[in-house]
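Commentary on secondary and tertiary structure
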Amino acid sequence: MNPIQVGLLGAGTVGGGVFTVLNRNQEEIERRAGRGIEISMVADLDAKRAQEIVKGRAPIVSDAYAVIRDPNIEVVIELIGGYGIAKELVLAAIAQGKHVVTANKALIAVHGNEIFAAARDRGVIVAFEAAVAGGIPIIKALREGLTANRIEWIAGIINGTTNFILSEMRDKGLDFDVALKQAQELGYAEADPTFDIEGIDAAHKASIMSAIAFGVPVQFDKAHIEGITQLAPIDIRYAEELGYRIKLLGITKRTSHGIELRVHPTLIPANRLIASVEGAMNAVQVFGDAVGTTLYYGKGAGAEPTASAVIADLVDVVRYQSVDPDKRVPYLAFQEDRVINTVVMPMGEITTSYYLRLKVADQTGVLASITKILAEQDISIDALLQKEALQGQSQTDLIILSHQTQEKKMLLAIEKIEQLSTTLGPVIKIRLEELS
Ligand code: HSE
């Protein structure tokens, strides 16, 4: 059988990885897929840069539609990124009856529902393993490996840039800005790091995992997103003293009131395996009712790790393209007519534990007035750390870890605590998850 002809849109780092890995492992891949895979055309506006990547292994064109319209091409890999032209091209490829493989998390998170509907109508496959956690086969695990389970929650370190920055802040006591600059110098963070440091990239990935885990539409627009820009090294230190690490987690949970979908810095017990994931690595912890806790670890970015996921999708396309579309694994794991529009809960309604840091006057009755406010909101204290006031100072840091409570109760308590004359600054609040 002739190799399947693949068109590549966007010849960057990952595209280079796809060429390299396809080339190196050609024989193994063909033995698995039952058919060869050949990239027969590449589209990129920057022909010179593209040539450095493609190295003569395929013709390069500047018009992406030339790839999409080529009748010999059966699969289009979209590696352009973003949700502008990439969306247009993916929809055009689908309209031409091409299967699509994409690494574009933003596209799937924001326009996934529309893209899947179009693909369903046309009977083509849209595969996006590389969109979440790079080389970790988490989509496959959630969609197929864990299919017997009622998945209860997922918590993931799904942004390598921020995990690298947090590791540097913890290891070296650096301020956020300094750690970010280092990450940029080392090539871990982009020149414009907004999507990473503001938690948007992690929210894209969390939204996709949430949809697949719970059989709901992709609901990025309902995700609560907080990044790491406000995180102070002192909180990382205090968390450490209390036996916790701070990670930027993408969290999605099933509750009796709806789904929680949130990205924010989170204290997690230092003795959890996921807490030791350092540097630019990714990890995703999934709790299923039958299997219990599972943990997936690996590189979330980079040429070959991402190519590993892209090529796995290509092999899936080869294997399943001749299967009746109704009998393929559904895009979001659940049969289309069984996808339920479960509500994503507003943040006030979610339940979690909290780390609070208060700057307070070091005087009689201060602690009592704070614990009274917490008790009024039915918030139970789990641990308390009072730092000794520095010599000559009449103020001190008070750290409180709470048991689980509703976010709106905690916000109300914080508002009241901040009104006390003995509270000397805003209360710093970081959510805490035991992940047990
Ligand atoms: N910028 C992402 C990260 C990789 O830092 O993990 C691609 O999503």
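Residues numbered from 1 in each chain as written. Predicted model: local features only at pLDDT ≥ 70, side-chain atom pairs only at ≥ 80, totals over all residues. Heavy atoms only, no water.

**Some thoughts on the packing of helix α7 (residues 138–145) against helix α11 (residues 200–214)**
For the pair α7 and α11, interaxial distance at closest approach is 9 Å and the crossing angle is 15°. Here α7 is positioned roughly parallel relative to α11, judged by the angle of their axes. Here the hand of the crossing between α7 and α11 comes out right-handed. Where α7 approaches α11, its residues Ile138, Ile139, Leu142 and Arg143 are matched on the opposing element by Ile208, Met209 and Ile212. Residue classes in the contact of α7 with α11 are distributed as six nonpolar, no polar and one charged. (Axes fitted to C-alpha atoms, helices over the stretch in contact; angles between N-to-C directions. Helix = DSSP H or I, 4+ residues; strand = E, 2+ residues; numbered from the N terminus. Parallel < 35°, antiparallel > 145°, perpendicular 65-115°, else oblique. Left-handed = near helix turned anticlockwise from the far one by under 90°. Contact = heavy atoms within 4.5 Å. Nonpolar A, V, L, I, M, F, W, Y, C, P; charged D, E, K, R; others polar.)

**So, the site of the ligand**
Around the ligand, the structure places Lys105, Asn159, Gly160, Thr161, Asp196, Asp201, Lys205 and Ala301. In the environment of the ligand, an oxygen atom lies 3.4 Å from a nitrogen or oxygen atom belonging to the side chain of Asn159. At a separation of 2.5 Å, an oxygen atom of the ligand approaches a polar side-chain atom of Thr161. Taken by itself the ligand offers 250 Å² of open surface, and the protein chains cover 83% of this. If you list the elements that add at least two residues to the shell around the ligand, you get α8 (160–172) and α11. Class assignment for the residues of the shell around the ligand results in one nonpolar, three polar and four charged. (Near = heavy atom within 4 Å. Polar contact = N/O pair within 3.5 Å; in protein donor to acceptor, adjacent residues only side chain to side chain. Areas by Shrake-Rupley, 256 points an atom, 1.4 Å probe, with all protein chains shown as cover.)

**A closer look at the nonpolar core**
Formed by 85 residues in total, the largest nonpolar core has its most connected members in Val126, Ile138, Leu142, Ile165, Ile208, Leu267 and Val286. Among the nonpolar cores identified, the runner-up in size contains 33 residues, and Leu8, Ala11, Ile77 and Val317 belong to it. (Core = buried A, V, L, I, M, F, W, Y, C linked by side-chain atoms within 4.5 Å. Buried < 20%, exposed > 50% of the residue type's maximum accessible area, 1.4 Å probe, protein only.)

**A closer look at the packing of aromatic side chains**
Scanning the entire structure with this criterion turns up four aromatic pairs. Look at Phe116 and Tyr331: their rings are 5.1 Å apart centre to centre, the planes differ by 15°, and that puts the pair in the stacked class. Placement of Phe116 in helix α6 (residues 105–122) and of Tyr331 in the loop between α13 (303–320) and β13 (351–361) is noted, with a sequence separation of 215 residues between them. With a relative accessible area of 2%, Phe116 lands in the buried category. Taking the relative accessible area as the measure of exposure, Tyr331 reaches 13% and is therefore buried. Between Trp153 and Phe287 the ring centres are 5.8 Å apart and the planes differ by 15°, which places this aromatic pair in the stacked class. Pair noted here: Trp153 is in strand β7 (residues 151–157) and Phe287 is in strand β11 (residues 281–288), with a separation of 134 residues, a long-range link. (Phe/Tyr/Trp six-rings, centres within 6.5 Å; stacked < 30°, edge-to-face > 60°.)

**Some points on the domain arrangement of the protein**
Here the domain parsing of the protein yields domain 1 (4–137 + 303–338), domain 2 (145–298) and domain 3 (348–432). One C-alpha centre belongs to domain 1, the other to domain 3; they are set 50 Å apart. (Domains from an automatic or database assignment.)

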